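Here is how the chains run, residue by residue.
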Amino acid sequence: MNKSVILGTLTVAALSAGMASAQTVSDVQDRGTMNCGVTTGLVGFAAPDANGEWSGFDVAVCRAVAAAVLGDPSAVEFVPTTGKTRFTALASGEIDLLARNTTWTFTRDVDLKFEFVGINYYDGQGFMIPKELGVSSARELGGATVCIQTGTTTELNLADYFRKNNMEYTPVPIETNAEAQQQYLAGACDVYTTDASGLAATRAAFETPSDHVILPEIISKEPLGPLVRHGDNEWGDIARWTLNALIAAEEYGITSANIDELKEGTDSPEINRILGTEGNLGEMLGLDNEWAYRAIKANGNYGEIFAKNIGESTPIGLSRGLNAQWTDGGLMYAPPFR
Amino acid sequence: MSDLHAHSVAYVRESMLDQQPPPATETGVVKWMRSNLFSTIPNAILTLLALWALWSLLSGVAPWLLNGIWTAPSLSACREILDGATGGCFSVLTERWNQLLFGFQYPSELYWRPTLAFVLLFVAIAPVLFFNTFPRRMLIFTAIYPFLAYWLIWGGSILVPLLAAVGLVAGYFVYARFVAQSFAMGFFGGIVAAFVVWWITGFLPVEGILALTPVESRNMGGFMLNLILGSVCVSLSIPFGIALALGRQSRMPIIKWICVVFIEFIRGVPLITLLFVANVVLAYFLPPGTNFDLILRVIIMITMFASAYIAEVIRGGLAALPKGQYEAADSLGLDYPQAMRLIILPQALKISIPGIVNVAVGLFKDTTLVSVISMFDLVGMIRGPILASTEWNGVYWELLGFAALLFFVTCYGISQYSQWLERQLNTDRR
Amino acid sequence: MASLSDPQGSESSFRLSMLLNDTRYRSYTFQFIALVCVALLFAYLGSNLAANLRAAGLSISYDFLGDPSGYDINQALLPYTSQSTHLRASLVGLLNTLLVSILACITATLIGVTAGVLRLSNNWLVSKLMAAYVELFRNVPVLIWIIIIFTIMTAVAPAPSAFRGDNPDANMLFGAIAFTNRGVYVPKPLLDPLGWVVVAVFVASIIGAILYRRHARKRLYADGTLLPTTWPTLAIVFLPALVAYVILGRPITLELPELGGFNFSGGINLLGSLIALWFALAIYTGAFIAENVRAGILSVSRGQTEAAAALGLRPRRIMNLVILPQALRVIVPPLISHYLNITKNSSLAIAVGYMDLTGTLGGITLNQTGRAIETILLLMLFYLAISLTISALMNVYNNAVRLKER
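Here the structure is a predicted model, which is why all the values come from computation and not from measurement. (Residues numbered from 1 in each chain as written. Chains lettered and ligands numbered in written order. Predicted model: local features only at pLDDT ≥ 70, side-chain atom pairs only at ≥ 80, totals over all residues. Heavy atoms only, no water.)

**Structural notes on the domain arrangement of chain A**
Residues and elements named next belong to chain A. Looking at chain A, the domain boundaries give domain 1 (27-120 + 225-328) and domain 2 (124-221). On the side of domain 2, nine residues touch domain 1, which itself brings eleven residues to the contact. For the pair domain 1 and domain 2, the summed buried surface comes to about 890 Å²; carbon and sulfur atoms form 60% of the total. Of all residues in domain 1, Leu42, Thr103 and Ile316 give up the largest surface area on contact with domain 2, accounting jointly for 36% of the area buried on that side. Between domain 1 and domain 2 we count zero salt bridges in total. Viewed at the interface, domain 2 and domain 1 are joined by zero residue pairs in polar contact (both at pLDDT 80 or more). Across the side of domain 1 that touches domain 2, the residue classes break down as six nonpolar, three polar and two charged. (Domains from an automatic or database assignment. Contact = heavy atoms within 4.5 Å. Buried area = accessible area lost by both parts, 1.4 Å probe. Salt bridge = Lys/Arg side-chain N within 4 Å of Asp/Glu carboxyl O. Polar contact = N/O pair within 3.5 Å; in protein donor to acceptor, adjacent residues only side chain to side chain. Nonpolar A, V, L, I, M, F, W, Y, C, P; charged D, E, K, R; others polar.)

Printed below as a string of structure tokens:
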């Protein structure tokens, strides 16, 4: 009996399905929503709250792109992906943009045919360990049992690090962050390793965060960024320049508070170009000229997004560090808008 | 004793004694305990061991259950209220009740729709499950139910399920028209007719007519997702299972081998690999540009999985029928479809019902595996968003216990029904 | 089917309509149609695959199997480092799958037979308790059981740090076995070359014991002499090995696990994830096997029991000599499918982080290489091979125990 439901759905799905391959922009505009791949739940980066509303650092990128393309930051369908499913989801067109703290590596870019549109967080793999073990350096971890969240580059970095330093260890691969926490807190592993930002987020959720220390060694470079399918340059450009607009907005002091005021027109041609009061950058992207205005308006500039989701005033409490603007000694450097 | 000797003994009782109660050790509780618990020394040891096991289990669980906190906004608040005492933090269930049942993305103002669909499910399956008690006319509602449930749960225009139903009805009419001539003609004609109707109606503007707010499949979650996957896949897999079982019994070697390879392949791999296929591979095999959502891909794979198992159950039923039934059908001059439809399948299916119910229960339990491919069913909700949230990080027992309880109630209920049905069917089979 | 109604060769001319209406040819028509349909389906899927891969600029290649895997595996039955290939990582995973499956099959059988027999016990409490066990475990998904048992392991067992200090919270059993939430550490036997002699003697005595029992049974059937079996068997098995052990100067020593650094070192470490998966699968499947055993025993008619009792056999002997051998015929076929289920369910290892085939090939290798189609196809083929092998082996056994009907 239920057969017909499926067949009905099938016909409808087949009839309404557009071509996903080359024209992501028009697909997204026809659909009216953007599908954005995120994690299955990492507090601060992407996690649903009790009402099912997604929020977080990566989520803000999705919302900014949706605001730029569709004019509505809430026109995003969040698709939770695991480390295993994220790349297929993107390659098969199930999602339009993957913002799931994904490390930009050579093979992912070249061999798996994806296009990283920039870096929204410079991260590195670190270790967290209970204070009572009295370990102060990762070089003292010989013989330890290490909990790893699988599906990331962490396993490889870990194997390399311990091999290089000629130490033994027992890896305990865990699928989800919640279970890794449980293992770590029960003492089933001595050390928990993942990206330093993830460690901070995890530690923030503990009952007594001060009982745990994050070791000073960062054993890998993990530039995290959103990515799109290879070969669809229009869409890639939109995502890339939306991210750049967020970063540039912080540099030029455009905030969600003063953006309406600045939009009236300023002395700075760069701000004017970003906000679309001068030039026609938006049209070149195939959008209107207010695209960046909407993107910034959605969640604020890069610095605001950082402060609101993972900054020092949040429980996660990450400092800007490498992610400060280049003018403050960080690596955030948006190319010029001209 | 004869009268002759009566005077030769000192005393003779002349009236009957009142009946005495049996000795205390041979009656009531004591007797029951003696024969059922302490009949032999090994038995007594076993009893004591069992008592000890029961005691240690109860003494651990009882205070945890009884001291449970049902109203607290978070785990830390809960621990504060408990203040070191043993007790469960069941407030996670009350706080996240809707998430556990519906997932976290189903719009909360629409919860009445799946709830209504769930209640109507009982009305729909009652005449199927208890065919003797309920009037046959209720089967009409059963036939309508799938479309109604689809409309309620997914929303959108009522025309979509309605047109799907129209296609099916058209198919049925064509089948009924031609089946007298040839089953194959009727069958394929019916399918073609249904597809033609669907294809034509696909051009109709369906938007907005009697429309409920549409909800996307990826917003389904919680126990609702388990129920949807379980019921849809089981009901879909029964016709496929019958076809596969008949194919495997067939005397046409190519058809037989296609079925054998399919069944053995599916039964030889774990469900989880099939779910991986649904999740990461299947998209590559669909036409470029089409984009089935995950729930549909998962339904396809689980249905394939269940069909293979149901086919084996039905094959057992077919094999269990006496050969005489096949021969009788032949001697009546029935052709293959007629023999199957009128004689073999009704009996074979009846024997297979308990087996099919077993497969259904197993499948329903296996729907929890979708949590591994990042779908938020009941287990996925628990392992994912709820345990990852800052409020409820560390509430394992209450959540896992709740999940186990829900599944236990459902599956135990179904298996009890199956046993009842088996007895029911046995009496009239002699 | 109805071949009598067919025209028998009277007309040799062949008309096209005969393909559909003549039962001699109709089956060929159907098979041809089916074959074409299947071929078309595969062609359709294949062309879609090719088109999709071309659009994404990808290709199918198994070269990654020869590349270094780059990750470590915590339980490797083969020599393995992070520099070994992905193929080797898959084989390590395969062996881990087999290990946990075999352990779980044995344990599940033991649990199932015990629970099935006890459920029929005339002890009311015990039989009710066993019924509760069976129903409770059969009706809750195995995934939930795996997670629950794993959580019990990590939450209830002490961490290795609890063994530390002068007055530790936890102690090693017999000073040799440590139950921690990372797993169980047991002593590891170290063998000198002479130690192998002892092992050889031990194996030889086991064979001897089997031969003795066979001889005893032959005597029993031949002339009714009832030779004692229990004590002689024990003596044959253990005495020679013990004597050899002492004479050769105690060549076998135990390496005890010792707490050092973060973990216990030395001894054999049974990983917590292995134990959790093993027990969860064993207890879950044990409940199903218990039902089979019960059904099997009930299928032996009561007259058999009564006849055996009338011959003067004791209850235990009735069970061992009369009922179980007959019940086996009913028990074994479903047992095979339960063993298959254990093997397939062991793929849920990823829920507890046990590095089985799904964890290595279908897990980290898939994540790292992104070769989804290739790895999943390989994964399915591996499982298919295991399943087919098990069912083949068990069918051989099944045929051996089947009642030889005359």
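**Some thoughts on the nonpolar core**
Counting 265 residues, the largest nonpolar core has Met220 and Val298 of chain B as the members making the most contacts within it. Among the elements that line this core, the one with the most residues is helix α13 (residues 294-320) of chain B, at 15 residues. Counting only domains with at least three residues in this core, you end up with domain 1 (27-120 + 225-328) and domain 2 (124-221) of chain A. Ala144, Ala159, Met167 and Val191 of chain A belong to the second-largest nonpolar core, a separate cluster that totals 18 residues. (Core = buried A, V, L, I, M, F, W, Y, C linked by side-chain atoms within 4.5 Å. Buried < 20%, exposed > 50% of the residue type's maximum accessible area, 1.4 Å probe, protein only. Helix = DSSP H or I, 4+ residues; strand = E, 2+ residues; numbered from the N terminus.)

**Structural notes on the packing of aromatic side chains**
Two aromatic rings, taken as a pair, are described by how far apart their centres are and by the angle between their planes. Going through the model one piece at a time under the given rule, you end up with 47 aromatic pairs over all chains. Look at phenylalanine 45 of chain A and phenylalanine 57 of chain A: their rings are 5.9 Å apart centre to centre, the planes differ by 80°, and that puts the pair in the edge-to-face class. One end of the pair, phenylalanine 45 of chain A, is in the loop between β1 (34-38) and β2 (47-48); the other, phenylalanine 57 of chain A, is in helix α3 (residues 57-70), and twelve residues separate them in sequence. By relative accessible area, phenylalanine 57 of chain A is classed as buried at 2%. Members of the aromatic cluster, joined through ring pairs, are Phe45, Phe57, Tyr121, Tyr302 and Phe306 of chain A. A cation over an aromatic ring shows up here: arginine 177 of chain B above the ring of phenylalanine 178 of chain B, its NZ or CZ 5.0 Å from the ring centre. (Phe/Tyr/Trp six-rings, centres within 6.5 Å; stacked < 30°, edge-to-face > 60°. Lys NZ or Arg CZ within 6 Å of the ring centre and 35° of its normal.)

**Focus: the interface of chain B and chain C**
Contact residues are listed per partner, giving 57 residues for chain B and 53 residues for chain C. Between chain B and chain C, roughly 5,000 Å² of surface is buried when both sides are summed, and carbon and sulfur atoms account for 76% of that area. The largest per-residue losses of area from chain B upon contact with chain C belong to Tyr284, Phe285 and Lys365 of chain B, which jointly make up 13% of the total buried on that side. The interface formed by chain B and chain C holds zero salt bridges in total. Where chain B touches chain C, the interface holds twelve residue pairs in polar contact (both at pLDDT 80 or more). Taken together, the residues of the side of chain B that touches chain C sort by class into 42 nonpolar, nine polar and six charged.

**Notes on the sheet that holds strand β7 (residues 268-271) of chain C**
Strands in a sheet are paired, the pairing made by backbone hydrogen bonds, and the direction either parallel or antiparallel. All names here are of chain C. Read from one edge of the open sheet, three strands run β1-β2-β7, paired in antiparallel fashion. A strand with exactly one partner marks an edge of an open sheet, and here the two such strands are β1 (178-180) and β7. Each neighbouring strand pair of the sheet contributes to a mean axis angle of 15°, computed without reference to strand direction. Of the strand pairs in this sheet, strand β2 (residues 183-186) and β7 are connected by four bridges, and their pairing is antiparallel. Looking at β7, one finds that valine 184 is bridged to leucine 270. (Pairing = 2+ DSSP bridges. Axes fitted to C-alpha atoms, helices over the stretch in contact; angles between N-to-C directions.)

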